[in-house]
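Examining the three-dimensional arrangement
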Amino acid sequence: MAVVIVGAGMAGVQTAVALRQQGYTDGLTLLGAEPHPPYDRPPLSKDVLLGKAADSRFEIDYAELGIELALGRRALSLDADGHQLRTDAGDLSYDQLVLATGAAPIALPGQPDSAFLLRTQDDAVALKAALTPGARVAVVGAGWIGAEAATVARQLGCEVTVVEAAPSPLAGALPTELGERTRAWYEQAGVRLLTGAAVSGILPGGPGSPGAVHLTDGQEIEADAVVVGIGARPDTGWLDGSGVALDDRGAVAADERLRAGGVADVFAVGDCASFPSRRYGRRLTVHHWDNAMQGARVVAANLLGGESLYNPVPYFWSEQFGRMVQVAGVWGGDDEQIARGDDTVLWVRDGRLVAVFTVDRPRDLAQGRKLVESGAVLDLAKAADAAVPLRSA
Ligand code: FAD
């Protein structure tokens, strides 16, 4: 038997490791387009950008585990009927294939090469060099990546302006009033935040002359460095014509056991995939670290003939402006929103917790996550009382 995994990020690496942990002893190839040893992405916008860590590679002995690493090798297309992966270094046969190609950052139309994205180790190293004390840095997008990049740039002594098209920060991820709460964090950190500000173009700078971000209202923000953090799309373009089913956002449409739709013997995991959530009754695309980690274990079990269901409580964290923001679960427009003190928000459906949002409240997060998992009915009065441990609600 030969298992080939395409994509050597968190999801791909963890699938390979989990396969070995779960007793798989046959051929195992892990293919990664980037030339670097596999690494973890969250530190890129934190310790690596800050200069506290040179890199964030996983400490894994691939040779010891019998994982054949094929780095700097890109999958170009897939012949699913013939069980052949076409790559830029020749074809690879497989018995079972795992798609773990992650997501690629979205660039602005006409974005100059001098503007920075923040997805890869190379991106982080290049951006870090531009974050010198006093540099004027414009960040386009006040989402998770934009907020973290602004945090670090400010810590490094840059003058930072964040430009966000939506009316509030984190608009794509949080209800407006929660995103709005973070506005004060920018002010306190000395970061200028412009919301409702759409970018019409980026003027590249040259030697001795700064670049600029132009807004549709005519404003111009001079910048020595421009960082674009406006989201990421599943990196699945190379699967065109393969028969692998994609959803309407371009993610591999996997089933609840993370088998890719439309083809046999192919699984999909991490940022490149979506899956139907039994817990939430809808298809989810989750671009967060924990999803890549948890999904990998399920894929490994199912590659080995298991029937494991992937039914996670999605979780993520973000470190911004000296605060730890954490979210577990998924909410919908009909769910009741309950404030538990100033820093925890709960979403409840039919008396049961479905999601929890916290700022610097790790206990609430941990206990809330367990309650979401268990589906227990809550005493809502107790749940709203920050003096009562959430687990007792
Ligand atoms: P990726 O990590 O994107 O890995 C996919 C790999 O596949 C890439 O290395 C890519 O080069 C390779 N690849 C793509 N196409 C091909 C191909 N055709 N052939 C071969 N290889 C290919 N999540 C959190 O929960 N909290 C955080 O604080 C957080 N911080 C983050 C900070 C940054 C800067 C970034 C970019 C992400 C952050 N995330 C965070 C998200 C988290 O890192 C991702 O959800 C996670 O990396 C997804 O893992 P993955 O393996 O699915 O995809």
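Under an unreviewed UniProt entry, the name given to the chain is FAD-dependent oxidoreductase, and the organism recorded is Streptacidiphilus fuscans. The UniProt entry for the chain carries the following comment under Cofactor (unreviewed entry): "FAD".

**A short note on the overall build of the chain**
Helix and strand content of the chain: 10 helices and 25 strands. The C-alpha atoms of the chain give 22 Å as radius of gyration, which agrees with the globular expectation for 393 residues (21 Å, within 12%). Here the C-alpha coordinates of the chain stretch approximately 60 × 60 × 35 Å along the principal axes. When each of the 393 residues of the chain is scored for burial, the buried share is 42%. Taking the contacts inside the chain whose residues are at least 6 apart along the sequence as the reference set, 59% of them involve residues at least 24 apart.

**Comments concerning the UniProt feature "domain: Reductase C-terminal" (unreviewed entry) in the chain**
Taking the numbering used here, the UniProt-annotated feature "domain: Reductase C-terminal" (unreviewed entry) corresponds to residues 315-393. Along residues 315-393 one finds 23% helix and 41% strand; the C-alpha atoms at either end are 21 Å apart.

**Remarks on the sheet that holds strand E2 (residues 27-32)**
The strand order E3-E2-E1-E7-E18 describes an open sheet built from 5 strands, whose pairing is parallel. Two strands bound the open sheet, and with one partner strand each, they are strand E3 (68-71) and strand E18 (266-268). In this sheet, neighbouring strand axes are inclined to one another by 20 degrees on average, regardless of whether the strands run parallel or antiparallel. Direction of pairing for strand E7 (residues 96-99) relative to E18: parallel, over a ladder of 3 bridges. Opposite leucine 99, over in E18, you have alanine 268 as the bridge partner.

**Topic: helix H5 (residues 144-155)**
Here H5 contains 12 residues, and its C-alpha end-to-end distance of 17 Å stays within 8% of the 16 Å for a straight helix at 1.5 Å per residue. A large share of H5 lies buried, amounting to 10 of its 12 residues. Buried within H5 are the following residues: Trp144, Ile145, Gly146, Ala147, Glu148, Ala149, Ala150, Thr151, Val152 and Ala153. Packed against the buried residues of H5 are helix H2 (47-50), strand E9 (136-140), strand E10 (159-163), helix H7 (183-189), strand E15 (225-228) and strand E21 (315-320). Just downstream of H5 lies glycine 157, where phi reads positive at about 90 degrees.

How each quantity is defined
- Residues numbered from 1 in each chain as written.
- Predicted model: local features only at pLDDT ≥ 70, side-chain atom pairs only at ≥ 80, totals over all residues.
- UniProt positions renumbered as here; feature names shortened; annotations may be inferred.
- Helix = DSSP H or I, 4+ residues; strand = E, 2+ residues; numbered from the N terminus.
- Rg over C-alpha atoms; globule rule 2.2 N^0.38 Å.
- Buried ≥ 20, exposed ≤ 12 C-beta atoms within 10 Å, placed from the backbone.
- Contact = placed C-beta atoms within 7 Å.
- Pairing = 2+ DSSP bridges.
- Axes fitted to C-alpha atoms, helices over the stretch in contact; angles between N-to-C directions.
- Expected span 1.5 Å × (residues − 1).

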